[in-house]
Amino acid sequence: MHRAQAHERGQPTARPPDDDLIRDSVTTPDRFAPLFDRHAVAVHRYLARRIGPPADDLLAETFLVAFRQRAGYRPDVGVRPWLFGIATNLLRRHVRSEERRYRALARFAADEPAPPGVEDAIDRLDAQALRRDLASALASLHRRDRDVLLLTAWADLSYEQIAAVLDVPVGTVRSRLHRARRLTRLALTVEEPT
């Protein structure tokens, strides 16, 4: 039974796999559109966390680059990691802006007004201090280490997917992630008064 017939009879239609959509879109460009619907929210969330307001533009640019490069897509990587790889490469162009943003967050995170109520204010101050410290720790990481850490934490990619996206061995991903976690943990460690 064809999808149109199944749909007419009220039966659920199976979504075509992402790899098939990319392959088909090479000859029928409209077939690429469902990929945006499926992955745009996750890619945008990752970009927004990394760079803030320019995420909208970078999302559009990510899918434009993906569309233009769809003929060279490698199915062994997977669509989601492929898109995150494109987004990460575009972010590299904006790395100065990202680093400035983290440094600004580190300097100005405490300037936000506290909500009414003493307990709420204390909780908010604690969260702002942690946010400031985290932003400072992220800004201090080398770009390659920060990319691996944020692809793990915010894009939820596996080591193998990150290795494919960044075109490095899995061992390099593991060492970069270990270093990034260690340095971030060290930067966030609060010294206990003696």
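So, how was this worked out
Residues numbered from 1 in each chain as written. Predicted model: local features only at pLDDT ≥ 70, side-chain atom pairs only at ≥ 80, totals over all residues. Heavy atoms only, no water. Core = buried A, V, L, I, M, F, W, Y, C linked by side-chain atoms within 4.5 Å. Buried < 20%, exposed > 50% of the residue type's maximum accessible area, 1.4 Å probe, protein only. Helix = DSSP H or I, 4+ residues; strand = E, 2+ residues; numbered from the N terminus. Contact = heavy atoms within 4.5 Å. Expected span 1.5 Å × (residues − 1). Arc of directions from axis to C-beta. Salt bridge = Lys/Arg side-chain N within 4 Å of Asp/Glu carboxyl O. Axes fitted to C-alpha atoms, helices over the stretch in contact; angles between N-to-C directions. Parallel < 35°, antiparallel > 145°, perpendicular 65-115°, else oblique. Left-handed = near helix turned anticlockwise from the far one by under 90°. Nonpolar A, V, L, I, M, F, W, Y, C, P; charged D, E, K, R; others polar. pLDDT = per-residue confidence, 0-100.

K.L.:
I'm lost on the nonpolar core in this one. Help?
P.N.:
Grouped burial of nonpolar side chains is what soluble globular proteins tend to show. Membership of the largest hydrophobic core comes to 41 residues, with the highest contact counts inside it found for Tyr46, Leu47, Trp82 and Leu151. Secondary-structure elements contributing two or more residues to this core are helix H2 (18-25), helix H3 (33-51), helix H4 (55-68), helix H5 (79-93), helix H8 (143-153), helix H9 (159-166) and helix H10 (170-188). It is H5 that contributes the most residues to this core, 8 residues altogether. Setting aside its immediate chain neighbours within four residues, Leu151 contacts Tyr46, Phe84, Thr88, Asp156, Leu157, Ile162, Val165 and Leu166.

K.L.:
I'm lost on H4 in this one. Help?
P.N.:
The α-helix winds at 3.6 residues per turn, so residues separated by three or four positions along the chain end up facing the same way. For H4, with 14 residues, the first-to-last C-alpha span of 20 Å sits near the 20 Å given by 1.5 Å per residue. Residues of H4 that are buried: Ala55, Leu58, Leu59, Thr62, Phe63, Val65 and Ala66. What you see down the axis of H4 is that its buried residues fit within an arc of 160 degrees, all on one side. Opposite the packed face of H4, turned more than 90 degrees from it, sit the exposed residues Asp57 and Arg68. Where H4 is buried, its residues contact H3 and H5.

K.L.:
I tried to follow the pattern of salt bridges on my own but got confused; where do I start?
P.N.:
Working definition: two side chains of opposite charge can pair if their charged atoms are close together. Taken as a whole and judged by the stated rule, the model has 9 salt bridges. Two residues, Asp147 and Arg50, come together in a salt bridge whose shortest N-O distance is 2.8 Å. Taken together, the positions of Asp147 in helix H8 and Arg50 in helix H3 put the pair 97 residues apart, joining distant regions of the chain. The class of Asp147 is buried, set by a relative accessible area of 1%. When its relative accessible area of 1% is taken as the criterion, Arg50 is described as buried. Across the pair Arg74 and Asp76 runs a salt bridge, and its minimum N-O distance is 3.4 Å. One salt-bridge network, held together by shared partners, links Asp20, Arg23, Asp24 and Arg31.

K.L.:
So what exactly am I meant to see when it comes to the side chain of His39 here?
P.N.:
Note that His39 resides in helix H3. Not counting the four nearest positions on each side in its chain, His39 is found in contact with Asp18, Phe63, Val79, Arg80 and Leu83.

K.L.:
Honestly, unusual backbone geometry in this entry has me stumped. Any pointers?
P.N.:
Outside of glycine, negative phi angles account for most residues, and trans bonds account for most peptide bonds. The backbone phi angle of Asp156 is positive, close to 55 degrees, even though this residue is not glycine. Along the chain, Asp156 turns up in the loop between H8 and H9. The residue Asp167 is not glycine, and still its phi comes out positive at about 55 degrees. Among the secondary structure elements, Asp167 is positioned in the loop between H9 and H10.

K.L.:
Would you mind going over the packing of H3 against H8 with me for this structure?
P.N.:
The geometry of a pair of packed helices is captured by two quantities: the angle between their axes and the separation between those axes. For the pair H3 and H8, the least separation of the axes is 11 Å and the interaxial angle reads 135 degrees. Of the possible angle classes, the one that applies to H3 and H8 is oblique. Taken as a pair, H3 and H8 cross one another with a handedness that is right-handed. Of the residues in H8, those in contact with Tyr46, Arg49 and Arg50 of H3 are Arg146, Asp147, Leu150, Leu151 and Ala153. Looking at side-chain class alone, the contact of H3 with H8 contains 4 nonpolar, no polar and 4 charged residues.

K.L.:
I'm lost on H2 in this one. Help?
P.N.:
Of all the residues in H2, the buried ones are Asp18, Leu21, Ile22 and Ser25. Summarising the axial view, the buried residues of H2 lie within an arc of 95 degrees, below the 170-degree limit, and thus occupy one face. In this fold, the buried residues of H2 make contact with H3 and H5.

K.L.:
Hey, could you run me through the confidence of the model for the chain in this one?
P.N.:
Regions with low pLDDT carry predicted coordinates that are not meant to be interpreted in detail. Summary statistics for the chain give a mean pLDDT of 80 and a share of 72% for residues scoring 70 or more. Here residues 118-126 is a poorly scored stretch, pLDDT under 50, and it has 7 contacts once near neighbours within four places are set aside; other chains count.

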